[in-house]
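# Results of the structural survey
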Amino acid sequence: NAGVTQTPKFQVLKTGQSMTLQCAQDMNHEYMSWYRQDPGMGLRLIHYSVGAGITDQGEVPNGYNVSRSTTEDFPLRLLSAAPSQTSVYFCASSYGSWGGSSYEQYFGPGTRLTVT
Amino acid sequence: GENVEQHPSTLSVQEGDSAVIKCTYSDSASNYFPWYKQELGKGPQLIIDIRSNVGEKKDQRIAVTLNKTAKHFSLHITETQPEDSAVYFCAASKSSASKIIFGSGTRLSIRP
């Protein structure tokens, strides 16, 4: 299994540009989430999905869109990039029910985004 | 909504000594408390978790304690080793794998 994969690894955008961060998992996990990580602020939940066709907002959803058309993929869209969106973005997936003994989230390697 | 506070933000201990990281949560309905370790340039990885019906859980040199009344939980690492140097995150959830709220992280450094 490849686990959770994210592309690209690095990206530089100009203010106002749009882009999509890709996330895919091959573990047949129901739940997928997007987090952003900023210095001193930990991991903040942007959007999450409990299954194909179902998404919901997390702690910091403004400026981001998501969709979940398949179990495997959960792309994150920045419609009009702003410098405040400079961050490291992590995608994670997990089983929906108490899979085994935990709700362990499996994280991807991250995408480092800079908006100038 | 849930809020998780984590202390300290940085911690430096001598190799072989113990390290303790503490977290408090705000939502009394939370009942799942995982701890993640993040090494440089990588995504976080689960190291131990605890459910609210258990007061303590141990896995080799790592232990987690939970006080539901006070709404706080702690990570204990004994006999620290250089490979324990990393950023550690606590988190809380209401039995939902989808919405796990993380603390702000603790950067642990092990001095040789």
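Source: prediction; values computed, not measured.

Turning our eyes to something else, we now look at the sheet that holds strand 8 (residues 72–77) of chain B. Residue and element names in this part refer to chain B. Reading across from one edge, 1-3-8-7-6 is the order of the 5 strands in this open sheet, with antiparallel pairing throughout. Strands at the two margins of the open sheet, each flanked by one partner only, are strand 1 (4–7) and strand 6 (56–59). With direction set aside, neighbouring strand axes in the sheet form an average angle of 15 degrees. As paired elements, strand 1 and strand 3 (residues 19–25) share 4 bridges and run antiparallel to each other. Looking across to strand 3, one finds that His 7 is bridged to Lys 22.

What follows is about the packing of aromatic side chains. Considering all chains together, one arrives at 12 aromatic pairs over all chains under this definition. Consider the rings of Phe 90 of chain A and Phe 107 of chain A, whose centres lie 6.4 Å apart with planes at 80 degrees: the pair is edge-to-face. Note that Phe 90 of chain A is positioned in strand 9 (residues 87–94) and Phe 107 of chain A in strand 10 (residues 106–107), a separation of 17 residues in sequence. For Phe 90 of chain A, a relative accessible area of 3% puts it in the buried group. A relative accessible area of 12% means that Phe 107 of chain A is categorised as buried. Geometrically, the ring pair formed by Tyr 25 of chain B and Phe 73 of chain B is tilted, given 6.0 Å between the ring centres and 55 degrees between the ring planes. Residue Tyr 25 of chain B is located in strand 3, and its partner Phe 73 of chain B is located in strand 8; the two are separated by 48 residues in the primary sequence. As far as the burial class goes, Tyr 25 of chain B and Phe 73 of chain B line up, both buried. Three or more aromatic residues link up through ring pairs in this structure, and these residues are Tyr 35, Phe 90 and Phe 107 of chain A together with Tyr 36, Phe 89 and Phe 102 of chain B.

The next point concerns the nonpolar core. Counting residues in each nonpolar core, the largest one holds 24 residues, and the members touching the most others are Trp 35, Phe 73, Leu 75 and Leu 108 of chain B. Val 4, Ile 46, Tyr 64 and Phe 74 of chain A belong to the second-largest nonpolar core, a separate cluster that totals 19 residues.

Turning next to the pattern of salt bridges. Applying the stated criterion to the full structure yields 7 salt bridges over all chains. Between Asp 38 of chain A and Arg 44 of chain A there is a salt bridge; the shortest N-O distance is 2.8 Å. With its nearest N and O atoms 3.1 Å apart, the salt bridge here joins Asp 49 of chain B to Lys 57 of chain B. Owing to a relative accessible area of 5%, Asp 49 of chain B belongs among the buried residues under this scheme.

The next thing to look at is the side chain of Ser 49 of chain A. All names here are of chain A. By the secondary structure assignment, Ser 49 is in strand 5 (residues 43–51). Of note is the side chain of Ser 49, whose polar atom sits 3.0 Å from the backbone oxygen of Gly 51. A polar contact is formed between the side chain of Ser 49 and the backbone oxygen of Ile 54, at a distance of 2.6 Å. Sequence-distant contacts of Ser 49, defined by excluding residues within four places in its chain, comprise Glu 30, Tyr 31, Met 32, Ile 54, Thr 55, Arg 68 and Phe 74.

Looking now at the pairing of strand 9 (residues 86–92) of chain B. All names here are of chain B. A large share of strand 9 lies buried, amounting to 7 of its 7 residues. Strand direction decides the pairing type here: strand 4 (residues 32–38) and strand 9, joined by 4 bridges, are antiparallel. The residue of strand 9 that forms the bridge with Lys 37 is Tyr 88. The sheet contact formed by strand 9 and strand 11 (residues 106–111) spans 3 bridges and is antiparallel. Bridge pairing in strand 11 places Ala 86 opposite Leu 108.

To continue, consider the sheet that holds strand 7 (residues 64–66) of chain A. Residues and elements named next belong to chain A. Sheet architecture is open: 4 strands sit in the order 1-3-8-7, paired in antiparallel fashion. Strands with a single pairing partner mark the edges of an open sheet, and in this sheet they are strand 1 (4–7) and strand 7. Across the sheet, the axes of successive neighbouring strands diverge by a mean angle of 20 degrees, strand direction being ignored. Two elements, strand 1 and strand 3 (residues 19–25), share 4 bridges in a ladder whose sense is antiparallel. Among the inter-strand pairings, Val 4 is bridged to a residue of strand 3, identified as Gln 25.

Scoring rules and cut-offs
- Residues numbered from 1 in each chain as written.
- Chains lettered and ligands numbered in written order.
- Predicted model: local features only at pLDDT ≥ 70, side-chain atom pairs only at ≥ 80, totals over all residues.
- Heavy atoms only, no water.
- Pairing = 2+ DSSP bridges.
- Helix = DSSP H or I, 4+ residues; strand = E, 2+ residues; numbered from the N terminus.
- Axes fitted to C-alpha atoms, helices over the stretch in contact; angles between N-to-C directions.
- Phe/Tyr/Trp six-rings, centres within 6.5 Å; stacked < 30°, edge-to-face > 60°.
- Buried < 20%, exposed > 50% of the residue type's maximum accessible area, 1.4 Å probe, protein only.
- Core = buried A, V, L, I, M, F, W, Y, C linked by side-chain atoms within 4.5 Å.
- Salt bridge = Lys/Arg side-chain N within 4 Å of Asp/Glu carboxyl O.
- Polar contact = N/O pair within 3.5 Å; in protein donor to acceptor, adjacent residues only side chain to side chain.
- Contact = heavy atoms within 4.5 Å.

It is worth stressing that arrangement in space is one thing and function is another; only the former is reported here.
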